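# Observations on chain architecture
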Amino acid sequence: MSKVEAVILATKPHRPVDYNEAQLQAVLDESYLIADKKEDGVRLNLIVQPSIFTGKHHTEWLSREGKRFPRLSGSPLARDDRWDTFFNPYYGDAALFPDGFMLDAELIVLDHLGKPMACKDTAGSLRRDPIRAGKMHVSRLKVVVFGIVPLDVVLTGEAYEVSHSVMKYHVEYQVSLLQKRFPEIQWEVVESVDVFSLEELHLFNEKIRGERGEGVVAKDPNGFYKRSKQAGMWKVVPKDNEDGKVVGLVWGTEGKANEGKVIGFEVLLESGHVVNACKISQAQMEEFTNAVAVAEFANSGGRVNPFEGWTCKVTFMERYENGSLRHPSFDSFRGISDPKIKE
């Protein structure tokens with residue numbers, strides 16, 4: 001894990017709340033819902049702003065916590081001369097928000113064959129030390145955009161009172177210009193449909209899940225972009241995963257094949273339950289066990305859990321009535337710029 005990154009800008013993006021059928025039906029009774037595909041990536045807040053000194057546009061590729069991704073710390077496209085044409089109407093269509101903007105998007109890393117990596121692999125790749133792993137080349141970046149907010153609104157922390165139904169057209173327009181000016185990055189508009197019933201919403205969600213997607217985010221078309229986690233956007237994802245924080249280590253049973261190895265973690269889930277999340281690979285066992293050995297050596301042999309407090313994702317088969325989980329398994333760490341913050 002890379003060093004902890006500082007907060008560059010507290011972007012506080014609008015985050016969806018949990019599925020609430022009554023709230024969704026209330027919106028449908030008045031109009032319809034916008035259903036966006038939830039991409040299997042990491043949240044990206046891409047800041048584009050002109051320099052007050054040189055006029056050259058600067059970029060910051062930030063997580064939803066406002067921190068840089070370690071392998072993108074060089075800020076791809078920063079001070080790129082093409083921003084001059086991007087914002088200049090004499091070169092064709094002029095970009096929205098010439099004083100700066102924030103793209104709200106999902107960032108996905110492509111593998112060396114150009115295939116999208118899963119979220120945990122994208123996160124793992126972005127958190128690697130750039131000195132050892134090398135800078136991430138922009139041709140490996142896929143940016144799926146679902147929101148755009150002018151920079152002055154981001155800086156004030158206020159809500160952006162432009163409806164979601166209008167913002168989707170702002171996104172389409174701006175992404176088309178980005179595709180034209182910066183073709184080395186794979187820019188896309190989020191896959192989205194309008195639905196007029198809960199049945200249509202769930203059919204679209206099932207389609208996305210059938211394509212191995214993560215799920216759907218539903219939006220009130222007459223709602224607007226709020227800050228942090230608020231209603232107006234809702235998750236429509238299966239309850240087969242939950243996030244939490246590591247509170248302990250699970251060791252292999254004495255006399256068994258994995259004796260002396262870390263085989264999983266004790267995780268305090270956001271629901272308040274503590275579970276043993278195991279079922280990790282042999283390579284992960286070796287990695288985690290070695291990390292513990294190094295930490296204990298540095299601590300003069302004292303017992304240490306170097307993963308204490310790290311955010312992670314746990315998958316499971318089903319949730320019982322008492323809130324406990326059936327077959328919980330460790331999936332991935334959720335921290336990127338900071339291991340203890342979910343991003």
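Preceding block: the structure.
For the structure given in this document, a descriptive report is provided here. (Residues numbered from 1 in each chain as written. Predicted model: local features only at pLDDT ≥ 70, side-chain atom pairs only at ≥ 80, totals over all residues. Heavy atoms only, no water.)

## Here's the deal with the sheet that holds strand S4 (residues 57–62)
If you trace the 5 strands from one edge of the open sheet to the other, you get S4-S3-S5-S6-S8, paired in mixed fashion. The open sheet is flanked by S4 and strand S8 (186–189), the only strands paired with a single partner. Across the sheet, the mean angle separating the axes of adjacent strands is 30° when strand polarity is ignored. Summarising the sheet, strand S6 (residues 141–150) and S8 pair through 4 bridges and their orientation is parallel. By the bridge assignment for S8, Val145 is matched with Val189. The strands touched by helix H3 (residues 119–127) within the sheet are strand S3 (42–50) and strand S5 (101–109), with S5 carrying the most contacts at an inclination of about 105°. (Pairing = 2+ DSSP bridges. Helix = DSSP H or I, 4+ residues; strand = E, 2+ residues; numbered from the N terminus. Axes fitted to C-alpha atoms, helices over the stretch in contact; angles between N-to-C directions. Contact = heavy atoms within 4.5 Å.)

## Description of empty space enclosed by the protein
Under the defined criterion, the tally for this structure stands at 1 cavity of 30 Å³ or more. Its volume calculated, the largest cavity comes out at about 40 Å³. Forming the boundary of the largest cavity are His14, Arg43, Asp104, Phe146, Gly147, His164, Met167, Lys219, Tyr225 and Met233. The set of elements that each furnish at least two residues to the lining of the largest cavity consists of S6 and helix H6 (164–181). (1 Å grid on protein atoms, 1.4 Å probe; cavity = no way out; pocket = protein on both sides within 12 Å on 5 of 7 lines; lining within 4 Å. Points joined across faces, edges and corners; volume = space filled by probe spheres on them.)

## A look at the pattern of salt bridges
Tallied over the full model, the rule gives 19 salt bridges. The salt bridge partner of Lys38 is Glu214, with a shortest N-O separation of 3.5 Å. Of the two residues, Lys38 is situated in strand S2 (residues 33–38) and Glu214 in the loop between helix H7 (198–210) and strand S10 (215–219); the sequence distance between them amounts to 176 residues. Accessibility expressed as a relative area gives 23% for Glu214, which makes it partly exposed. Put simply, Asp243, Glu270, Arg334 and Lys342 are held in one network by salt bridges that share partners. (Salt bridge = Lys/Arg side-chain N within 4 Å of Asp/Glu carboxyl O. Buried < 20%, exposed > 50% of the residue type's maximum accessible area, 1.4 Å probe, protein only.)

## Considering the environment of Phe224
Tracing the backbone shows Phe224 in strand S11 (residues 224–225). In the structure, Phe224 is positioned 85 residues away from Ser139 in sequence and 33 Å away in space, judged by C-alpha atoms. Those residues in contact with Phe224 that lie beyond four places of it in its chain are His14, Ala159, Tyr160, Glu161, Val162, Ser163 and His164.

## Here's the deal with unusual backbone geometry
Even without being a glycine, Leu77 presents a positive backbone phi close to 75°. Classification of Leu77 by relative accessible area gives buried; the value is 10%. Backbone geometry at Arg79 places phi at a positive 55°, although glycine is not the residue there. The exposure class assigned to Arg79 is exposed, which follows from its relative accessible area of 53%.

## Observations concerning the nonpolar core
Formed by 47 residues in total, the largest nonpolar core has its most connected members in Trp61, Phe69, Phe86, Leu107, Leu126, Val143 and Trp187. Counting residues per element, this core draws most heavily on S5, at 6 residues. Counting residues in hydrophobic clusters, the runner-up holds 23 residues, among them Leu249, Val275, Phe330 and Phe333. (Core = buried A, V, L, I, M, F, W, Y, C linked by side-chain atoms within 4.5 Å.)

Read these as spatial facts, not as claims about activity.
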